[in-house]
Amino acid sequence: MLPLFAGFFVPYLLAIACFPLLSQRGGANHAQSGALLGGCLLIALSPWLIPANQPLPRFLAAMSATLIAIKVIDVWLELRMRSPLVWKDFLAFLAHPFVLVRRCLPRERPVPRNANLSRLVLGTMGGAIGIALLNVLFSVDWQGWPFLLEHTSKVTALMVAIVSGLSASAALWRLSGRAAREYMDHPFAARTPADFWRRYNRNMQQFFWEDIFKPLGGSRTPVRTTLLVFGLSALIHEFIFYAAIGRVQGYQSVFFAMHGIAAAMTLRVRTKKGWAAIPWIAGTLAFNLASSVFFFASIHEVTPFYARGLPDWLQGW
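As a starting point, this report considers the structure included with it. Everything numeric here is computed off the predicted structure, so don't read it as measured data.

1. What about the overall build of the protein chain?
Reasoning step 1: Assigned secondary structure in the protein chain consists of 13 helices and 0 strands.
Reasoning step 2: For the protein chain, the α and β elements follow one another from N to C terminus as α-α-α-α-α-α-α-α-α-α-α-α-α.
Reasoning step 3: Whereas a compact globule of 317 residues would reach a radius of gyration of roughly 20 Å, the protein chain reaches 20 Å, a difference of no more than 12%.
Reasoning step 4: Once the C-alpha set of the protein chain is aligned to its principal axes, its extents read approximately 65 × 50 × 40 Å.
Reasoning step 5: In the protein chain, buried positions account for 46% of the 317 residues.
Reasoning step 6: Sequence separation of at least 24 residues holds for 70% of the intrachain contacts in the protein chain that already meet a minimum separation of 6.
Reasoning step 7: Accessible surface for the protein chain amounts to roughly 16500 Å². Of this, 68% is attributable to carbon and sulfur atoms.

Below you can see the structure in the form of structure tokens.
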């Protein structure tokens, strides 16, 4: 129990230990920057405090540690643009579950109370429906059924639960009087792969946009920088799954390479609205479901996701 506790809470302690280096006016010098990078490395390695025979807790701890390290990096980069944080603001930022780019939080538009109440109710209902569907789908005997049917059914139900649950959580956070950025913006309605990644995991997307894409001059070379961002995302995900299962599979690299190329190709695509958008939405949804086989191949190694395991053609990758 103690290693499990340490794996989740040591990253916060390490991030707090970085605060003296993040409170320097004018930004950190080379020695301080090196120390901050070392602190981020220790944060990223903290899931190894959890025994290797507990891949799911390790996976969750690796995700949490990665987000904490990203917050430290964001504050570090922000030193060049703003005055250093005070203790209270830094601790509040670390504990905030709905922001990864601190300077962008004040830009979030207030959501009316009635709208938050509606999102809370609808999100709770959607989350309950998604979880109920997952319980049914995981009790089905999938012998004799196509692998892609099992994959599509389970992933769709899981996404309904996640999208709805995050919406309800953000609404509840705002009802408590605090600002929150929505993690999702109706990703099922995406018309292109590029549009999907603007809608999906908007907090991480904002970090990549503000702290990676723009500083690298992405507006001047959008295709090249988009591919670079997806390559970085692949490395992050490979690391998270490596922490959980102890080996690099390459599935995340394949998944994010496919989506990086697709997103780069559709950056400037503008589809029509209304009924004319339905083929685009259907095509994007089909692409996402088919390509996500690679993503969930890693999930299956963390915790059993497919009743019959991975198909032979996927294990050969």
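2. Describing the pattern of salt bridges
Reasoning step 1: Applying the stated criterion to the full structure yields 9 salt bridges.
Reasoning step 2: For the salt bridge of Asp74 with Arg103, the shortest nitrogen-to-oxygen distance reads 3.3 Å. With Asp74 in helix H4 (residues 55-78) and Arg103 in the loop between helix H5 (87-95) and helix H6 (113-137), this residue pair connects regions lying 29 residues apart in the sequence. Across the pair, Arg103 and Asp74 agree in class, each one buried.
Reasoning step 3: With its nearest N and O atoms 2.7 Å apart, the salt bridge here joins Asp211 to Arg103.

3. Focus on the nonpolar core
Reasoning step 1: Ranked by size, the top nonpolar core spans 50 residues in total, and within it Phe59, Phe207, Phe208, Phe296, Ile299 and Leu314 carry the most contacts.
Reasoning step 2: In terms of residue count, the dominant contributor to this core is helix H10 (residues 222-245) (9 residues).
Reasoning step 3: Those residues in contact with Phe59 that sit more than four places away from it in its chain are Ile240, Phe241, Ala244, Ile299 and Val302.
Reasoning step 4: By size, the runner-up hydrophobic cluster in this structure holds 19 residues, among which are Cys18, Leu22, Ile43 and Phe90.

4. Description of the packing of H6 against helix H7 (residues 147-175)
Reasoning step 1: For the pair H6 and H7, the least separation of the axes is 7 Å and the interaxial angle reads 150°. It follows from the interaxial angle that H6 and H7 lie roughly antiparallel. For H6 against H7, the interelement crossing comes out left-handed.
Reasoning step 2: Residue classes in the contact of H6 with H7 are distributed as 14 nonpolar, 10 polar and 4 charged.

5. Quick look at the packing of aromatic side chains
Reasoning step 1: Per the counting criterion, the structure on display carries 23 aromatic pairs.
Reasoning step 2: For the pair Phe147 and Tyr306, a centre-to-centre distance of 4.7 Å together with 55° between the ring planes defines the contact as tilted. Pair noted here: Phe147 is in helix H7 and Tyr306 is in the loop between helix H12 (278-302) and helix H13 (312-315), with a separation of 159 residues, a long-range link. Accessibility classification places Phe147 together with Tyr306 in one group, the buried group.
Reasoning step 3: In this arrangement the basic side chain of Lys71 is found over the ring face of Phe93, its NZ or CZ atom lying 5.1 Å from the centre.
Reasoning step 4: Here the basic side chain of Arg178 rests over the ring of Trp173, its NZ or CZ set 3.9 Å away from the ring centre.

6. What about the side chain of Thr225?
Reasoning step 1: Tracing the sequence through the fold places Thr225 in helix H10.
Reasoning step 2: If we skip the residues at most four places from it in the chain, Thr225 touches Phe213, Leu216, Gly217 and Gly218.

7. Concerning the environment of Ala95
Reasoning step 1: In this structure, Ala95 sits in helix H5.
Reasoning step 2: The class for Ala95 is exposed, based on a relative accessible area of 55%.
Reasoning step 3: The spatial distance from the C-alpha of Ala95 to the C-alpha of Gly231 is 28 Å, given a sequence separation of 136 residues.

8. Focus: the packing of H4 against H5
Reasoning step 1: Where H4 meets H5, the closest approach of the two axes is 10 Å, and the angle between their N-to-C directions is 140°. Here the hand of the crossing between H4 and H5 comes out right-handed. Counting all contacts with H4, which are made through Ile68, Lys71, Asp74 and Val75, the residues of H5 involved are Phe90, Phe93 and Leu94.
Reasoning step 2: Among the residues forming the contact of H4 with H5, the class breakdown is 5 nonpolar, no polar and 2 charged.

9. Side note on the side chain of Ser164
Reasoning step 1: Structurally, Ser164 can be placed in helix H7.
Reasoning step 2: Among the residues examined, Ser164 registers a relative accessible area of 15% and is labelled buried.
Reasoning step 3: Among the polar contacts listed, one links the side chain of Ser164 to the backbone oxygen of Val160, at a separation of 2.8 Å.

10. A word on the state of the cysteines
Reasoning step 1: Here the structure, examined in full by the defined rule, presents 0 disulfides.
Reasoning step 2: Cysteine Cys40 remains unbridged, with the sulfur of Cys18 as its closest cysteine sulfur at 5.9 Å.
Reasoning step 3: Here Cys40 falls in the buried class, since its relative accessible area comes to 9%.

How each quantity is defined
Residues numbered from 1 in each chain as written. Predicted model: local features only at pLDDT ≥ 70, side-chain atom pairs only at ≥ 80, totals over all residues. Heavy atoms only, no water. Helix = DSSP H or I, 4+ residues; strand = E, 2+ residues; numbered from the N terminus. Rg over C-alpha atoms; globule rule 2.2 N^0.38 Å. Buried < 20%, exposed > 50% of the residue type's maximum accessible area, 1.4 Å probe, protein only. Contact = heavy atoms within 4.5 Å. Areas by Shrake-Rupley, 256 points an atom, 1.4 Å probe, with all protein chains shown as cover. Salt bridge = Lys/Arg side-chain N within 4 Å of Asp/Glu carboxyl O. Core = buried A, V, L, I, M, F, W, Y, C linked by side-chain atoms within 4.5 Å. Axes fitted to C-alpha atoms, helices over the stretch in contact; angles between N-to-C directions. Parallel < 35°, antiparallel > 145°, perpendicular 65-115°, else oblique. Left-handed = near helix turned anticlockwise from the far one by under 90°. Nonpolar A, V, L, I, M, F, W, Y, C, P; charged D, E, K, R; others polar. Phe/Tyr/Trp six-rings, centres within 6.5 Å; stacked < 30°, edge-to-face > 60°. Lys NZ or Arg CZ within 6 Å of the ring centre and 35° of its normal. Polar contact = N/O pair within 3.5 Å; in protein donor to acceptor, adjacent residues only side chain to side chain. Disulfide = S-S within 2.5 Å.

Take it as geometry only, folks, not as evidence of what the structure does.
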